[in-house]
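Secondary and tertiary structure notes
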Amino acid sequence: MTEGAKTLTFVGVAVGLLVVAVATRPRAPSPTQVVRAGDLLNEVDDPLSATRLQVIEFNEETSSISKFEVAQADGLWVIPSHQDYPADAEQHMAEAAMSVMNLKILGVAATNPADHATYGVIDPDIKKLKPGAVGVGSRVTMQDGAGDQLENIIIGKEVKDQQGQRYVREVDRDPVYIVPIDAEKLTTRFEDWIEKDLLKISPFDIAEVTLNDYSVELGIGATGLQVQWDRRGEMTFAYSDTDAKWTADELKVFNLEKQAFDTVTLAADEEVNSEKLNDMKNALDDLKIVDVERKPDGLSQDLKAGKDFATDREAVQNLAERGFMPVQVGADSFEILSTDGEVLCQMKDGVEYVLRFGKIVLGSEAVSYT
C-alpha cells in the first residue's frame, strides 16, 4: 500500500470514528422535548445530598423579585439572603429536597411557551420580565456540596380541584407538567428556617428584672443631628421562689432639675403589681424572631460606639430608622439607646439579657426592632 493510500485509509477511519462519536455522544434535552406521564421529572439518586436551596419569587403587585436562600457552609447551615444568619435547617432542608426531587409526572398540561402564563410558570427573571407581568412562577434551585445542580424548576399554579398538585416546568424548557408537590416545604419565611425563640429561657429561671423607662428621639439642631434623651425612671424587681412573689429592690425616678435619679420607696398602702410582672416574665419567654438585619460597622457586641461612629451621619440614620440612637456617656464613648427603653433580665445562673426596644416595624403592631 502506498503512503498516499495509507493516509487516505487513516483519514477514512478517523472520519468514521468521528461520525460514531457524534451519533452516540450524550445530548442535552431539547427545550421542546416532552417527558411522558408516569416518568420522573428529574431523577436524583440522593435528594439528601442537597446543601443549597434558592427560591426566587415574583410579587405581581409591586413587580419586584424576592430571593431566599439557605445553604451549608463549613458544616453549618446559614441563610445567605439574611446576612448568613444561622439556620436550624437540617431536617427542614431534607423535607424540602424530598418534596421537589424525583417528582412523578401525572400529566402534560402544555408544550407551547405561549401557555406558560396561563399555568403560572413564567420564569421570575427580572431581566426578562415586562412591567405588569402576570403568570410568573417561583423558581426553585437546589445544588449539592460540589456545586452540581440537582433541581431547577419553576412551580406554577395549583391544579384546579386537585389538592396537592401543581403545574411545573423545568427552567429553559417548554413543556408544562402536572406533578404532586408540597410547596409548603419550600417556604421563604425567614422564621420557618431558624430557632425562633429569641432568649430560649424558662420564665421559672428569671431571678430579677430591671426596667429602664426612657425614650430617645433624633432631631436636627444647630450643630447637626442631636439626640433628645428623656429619662423617667429605673426599677428593679426580684422574684422569690420561696414565697412566689415579687419585691421591689430599687425604685428610682429621674429628677429633671437635678438631672439625676432620686430613690423612692413604696408607701405603706402600696405594693408591687405581681400580675403585671408575671405577665412580663411570660412575655420574655414568648419573644420570637421574625427577621434580622445586620447592625452597622463600628458597633461592638454590647452596642458601644466610638466617636467616629457617632459622627457618621449615614450609620446614625441607619440605626435611627429602626429606633436606636447613639448617646454620649463619656468623653469619647457613646452607647446606643432605644426609642422605647430597655429591659434587663437576670437569670438564676447569673446570665443577664439586655433588651433594647426600637421602633415598631412598619405595617405591624406586634413586631419591633430589638
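Located above this text is the structure these notes cover.
Right, let's walk through the structure included here.

How each quantity is defined
Throughout, residues of each chain are indexed from 1 in the direction in which the sequence is written. Owing to the predicted nature of the model, reporting of local features is limited to residues with pLDDT of at least 70; listing and counting of side-chain atom pairs is limited to 80 or more, with chain, interface and lining totals taken over all residues. Hydrogens are left out, water is left out, and the side-chain values use all remaining heavy atoms of the structure. Secondary structure follows DSSP: runs of H or I at least 4 residues long count as helices, runs of E at least 2 residues long count as strands, and numbering of each begins at the N terminus. Only protein chains enter the accessibility calculation, which uses a 1.4 Å probe. A residue is then buried if its area is under 20% of the maximum for its type, exposed if over 50%, and partly exposed in between. Values of accessible area rely on a 1.4 Å probe in the Shrake-Rupley scheme; residue burial ignores everything except the protein chains shown. The pairing test for Phe, Tyr and Trp rings, Trp by its six-membered ring, is centres within 6.5 Å, and the orientation test on the planes gives stacked under 30 degrees, edge-to-face over 60, and tilted for anything in between. Throughout, the arc means that of the directions going from the helix axis to the C-beta atoms. In what follows, residue pairs with any heavy atoms lying within 4.5 Å of each other are defined as contacts.

Counting its regular elements, the protein chain contains six helices and 18 strands. Taken over 370 residues, the protein chain has a buried fraction of 36%. When the accessible area of the protein chain is evaluated, it comes to approximately 22300 Å², of which 49% is carbon and sulfur surface.

On to the packing of aromatic side chains, then. The tally for this structure, following the rule as stated, stands at six aromatic pairs. Considering the side-chain rings of phenylalanine 68 and tryptophan 193, the 6.0 Å spacing of their centres and the 35 degrees angle between planes classify their relative orientation as tilted. A residue pair is termed long-range when its members are at least 10 positions apart, and phenylalanine 68 in strand 2 (residues 64–73) and tryptophan 193 in the loop between strand 9 (176–180) and strand 10 (206–221) qualify at 125 residues. The same class applies to phenylalanine 68 as to tryptophan 193, namely buried. Taking the centre distance of 5.5 Å and the plane angle of 65 degrees together, the rings of tyrosine 85 and phenylalanine 190 count as edge-to-face. Of the two residues, tyrosine 85 sits in strand 4 (residues 85–86) while phenylalanine 190 sits in the loop between strand 9 and strand 10, which places them 105 residues apart along the sequence.

Turning to helix 2 (residues 90–100), its buried residues number three or more, namely His92, Met93, Ala96, Ala97, Ser99 and Val100. Considered in projection along helix 2, the buried side chains sweep an arc of 160 degrees and stay on one side of the axis. Of the exposed residues in helix 2, the ones pointing more than 90 degrees away from its buried face are Glu90, Gln91 and Met98. Where the residues of helix 2 are buried, they touch strand 1 (50–59), strand 2, strand 3 (76–79), strand 6 (138–144) and strand 7 (149–158). Asparagine 102 lies just past helix 2 and shows a positive phi near 55 degrees.

Structural measurements only, silent on function.
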